[in-house]
Structures are given as C-alpha cells and as structure tokens.
Amino acid sequence: MTYVRKEIIGDCTLYQGDCMEVMPTLGEFDAVIGDPPYSVSVAGSKIVSQSGNGVRRLDFFPGDDDWRAMTAVVVKSYSLAIASAPKNVIAWCGHRQIGPLNDLLESAGYSTRLLFWIKKCPPPATPGAGFAQSVEQAIYGYLPGRAWNGGQYDFNRFEADSYRHGQPGKVDHPTQKPLNLMQWNVSKLTEEGQTILDPFMGSGTTGVACVKMGRKFTGIELDPEYFDIACKRIEEAYRQPDMFVAPPSPPQQQGLDI
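The rules behind the values
Residues numbered from 1 in each chain as written. Predicted model: local features only at pLDDT ≥ 70, side-chain atom pairs only at ≥ 80, totals over all residues. Heavy atoms only, no water. Buried < 20%, exposed > 50% of the residue type's maximum accessible area, 1.4 Å probe, protein only. Helix = DSSP H or I, 4+ residues; strand = E, 2+ residues; numbered from the N terminus. Pairing = 2+ DSSP bridges. Axes fitted to C-alpha atoms, helices over the stretch in contact; angles between N-to-C directions. Parallel < 35°, antiparallel > 145°, perpendicular 65-115°, else oblique. Left-handed = near helix turned anticlockwise from the far one by under 90°. Contact = heavy atoms within 4.5 Å. Nonpolar A, V, L, I, M, F, W, Y, C, P; charged D, E, K, R; others polar. Core = buried A, V, L, I, M, F, W, Y, C linked by side-chain atoms within 4.5 Å. Expected span 1.5 Å × (residues − 1). Arc of directions from axis to C-beta. Right-handed = clockwise from strand over helix to strand, strands pointing away. pLDDT = per-residue confidence, 0-100. Salt bridge = Lys/Arg side-chain N within 4 Å of Asp/Glu carboxyl O.

## What about the pairing of strand β6 (residues 88-92)?
Step number 1: The buried count for β6 comes to five of five residues, which makes it a mostly enclosed element.
Step number 2: Side chains of β6 alternate between two faces, with N88, I90 and W92 and V89 and A91 buried alike.
Step number 3: Two strands pair when backbone bridges link them, and strand β3 (residues 31-34) and β6 are joined in this way by four bridges, in the parallel orientation. Opposite G34, over in β6, you have A91 as the bridge partner.

## Topic: unusual backbone geometry
For residues other than glycine, phi is negative in most cases, and the peptide bonds are mostly trans.
Step number 1: Its identity is not glycine, yet A85 carries a phi of approximately 55°, on the positive side.
Step number 2: Relative to the assigned elements, A85 resides in the loop between α2 (67-81) and β6.
Step number 3: Note on A85: relative accessible area 43%, which makes it partly exposed.

## A closer look at the packing of helix α5 (residues 205-213) against helix α6 (residues 224-238)
Step number 1: The contact between α5 and α6 brings their axes to 9 Å, and the two run at 15°. Classified by the interaxial angle, the pair formed by α5 and α6 is roughly parallel. Here α5 runs over α6; the crossing is right-handed. Each of T205, G207, V208 and V211 in α5 lies in contact with α6, whose residues at this interface are R233, I234, A237 and Y238.
Step number 2: Here the residues of the contact of α5 with α6 sort into five nonpolar, two polar and one charged.

## Here we look at the nonpolar core
Step number 1: Of all hydrophobic cores here, the largest spans 34 residues; its most connected members are L14, I90, W92 and I234.
Step number 2: Of all the secondary-structure elements, those providing two or more residues to this core are β2 (12-16), β3, β6, β7 (111-121), β8 (132-142), α4 (179-189), α5 and α6.
Step number 3: Broken down by element, this core gets its largest block of residues, six residues, from α6.
Step number 4: Counting residues in each nonpolar core, the second largest holds 25 residues, with F29, V75, V89 and C93 among its members.

## Topic: the environment of E235
Step number 1: Inspection of the secondary structure assignment puts E235 in helix α6.
Step number 2: Among the residues examined, E235 registers a relative accessible area of 22% and is labelled partly exposed.
Step number 3: Residues E235 and I9 lie 226 residues apart in sequence; the distance between their C-alpha atoms is 6.8 Å.

## Focus on α2
Step number 1: Here α2 is 15 residues long and its end C-alpha atoms lie 21 Å apart, about the 21 Å a rise of 1.5 Å per residue gives.
Step number 2: Along α2, the residues that are buried comprise M70, T71, V74, V75, S77, Y78 and A81. Viewed end-on, α2 has its buried residues packed into an arc of 160°, placing them on one side of the element. For α2, the exposed residues set more than 90 degrees away from the buried face come down to R68 and K76.
Step number 3: Packing partners of the buried residues in α2 comprise α1 (19-22), β3, β6, α3 (98-107) and β10 (195-198).

## What about the pairing of β10?
Step number 1: Of the pairings in the sheet, the one linking β3 to β10 comprises two bridges and is parallel in character. Across the sheet, V32 pairs through a bridge with L197, a residue of β10.
Step number 2: The pairing of β10 with strand β11 (residues 216-221) spans four bridges and is classified as parallel. Looking across to β11, one finds that L197 is bridged to T218.
Step number 3: Between the parallel elements β10 and β11, the chain passes through α5 in a crossover that is right-handed.

## Things to note about the confidence of the model for the protein
Step number 1: When pLDDT is averaged along the protein, the result is 79; 66% of the residues meet or exceed 70.
Step number 2: This stretch, residues 50-54, has a pLDDT under 50; its non-local contacts, to residues over four places away or in other chains, come to nine contacts.

## Describing the pattern of salt bridges
Step number 1: Scanning all chains against the criterion turns up three salt bridges.
Step number 2: Here R5 and E7 are joined by a salt bridge, their closest N and O atoms 2.9 Å apart. One exposure class covers both R5 and E7, and it is buried.
Step number 3: Where R5 meets D228, a salt bridge forms, and the shortest distance between an N and an O atom there is 2.6 Å. Taken as a pair, R5 in strand β1 (residues 5-9) and D228 in helix α6 lie far apart in primary sequence, 223 residues in all.
Step number 4: What makes R5 buried here is its relative accessible area of 17%.
Step number 5: Accessibility expressed as a relative area gives 31% for D228, which makes it partly exposed.
Step number 6: Put simply, R5, E7 and D228 are held in one network by salt bridges that share partners.

Structural data, given as structure tokens:
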C-alpha cells in the first residue's frame, strides 16, 4: 500500500504518506498549489521573534538542515506533481529552491513568474514607528493560453499579516500560511468544482481554502501529527456556514498500513 491512511471528508481526499509514492497513483488535477519544505534550516538554528512571541526553531524536522538534499526532494516531488500537466502550479518555497523549480517548470513547457506575499509584522515598541515588513516568495508556472483572472499583472502580490504575529487559526505548524493567502491562490487559478493537489499538505490550509471556495482537494502529508491537524481543520471548515460549504459528513478512513 502506498499510504498509511486515507481520509475522505466531503470533496477532500487526504493521504498520510510519502507524496512521491502516492502521486503516481492519482489522476489529473487542474492545479497544484503547495508549500513544500523550505530547506532554509541550519542545524540547531533558531530565531527569536519580537517580545512576547518566544523562540521558533528553523530545523523543525529531520533532514531539513541539508538544504541541497531537501531541494532535490522538492524538485523531484514537483516533477511527479506536474506529470499530468495541470494548468497552474505554485510552490511557496525557500529562496534556494526558486532556480531549480523554475528550471523544472520551464523545461516542462510552463511559463513562470514570481509571486510575493508581503508580510506585515507588529510595530516595534517605539510609538509611531509603523509596521515592519518582510517578503515571502513563490514560483508560479502556467501553461500557455491561460486567461488571467483580473489582468496579467494583478496576480503577483498579496499583503497579509505575518503567520508569526496574530494570524487567525494558527496551529502547531512552524510555516503555516494564512488562510486568505491560500484563498487568493485558489481563487486566481481555479474555478468552482475544479481539482487541486497539495503534495505537502502540512496543517491543511490549502484544503480549508478549497472547502470554503467550492473546489475539490487532494492533500498528502507524511507527518502523522500534521495529518491529524489537517483532518480536523477541514472537518471544521465544513461546519462553517460559508457559501460553498456543504453539510459535513464524517471522515471515512480508507486504509491503514503499519
């Protein structure tokens, strides 16, 4: 069996397993929207966030301190994800991954560009100093003939609060993206009823965005703790009275391989 668990929650299908083993067994998708491991860690590294927000470790899972090896894993995973030629591909990624992923997408026939998330952080202690900003980037690939939703240059910049400071719905995942950021991706790249794959599901934010916007979602996550978090968040999304959200159905476990 290629996965440990498979849960079906509404129009979402979630796999706990290695994405490189699971993806060859799946069908086609309209878009791939992912947030792969950043490979920016250094063994034992940490950052101290602003006063009152504690310490966040960067080497948050085994192997992430080897950025060359992790980048190779991400590129190989995305090569499998685009094998069925989805119309749009996004990877929110570390700066070291931009070049290799860009080369992969261009060689597969995609045109590419960068997307930017402008993160607002809380103002420093000095009154009137304003907000600090930082930037996170994604590589975006699209097949020729794409009709832009809102104009060609409308879709490359998004502003939202930093995930470390006051993000609603923050869970125990070090690089969780804001829901409105992933809804921005989903709304720009797909139409209602279309299918989206996230090879590195994490805490399930892309899946929650799909639920709230009437898309079908398939997510893959290796870590069992994050997989459980994603299942719970997607179940909760179906219980919210959003426009597209259908009444909830209990999750259906399809397999167990231990």
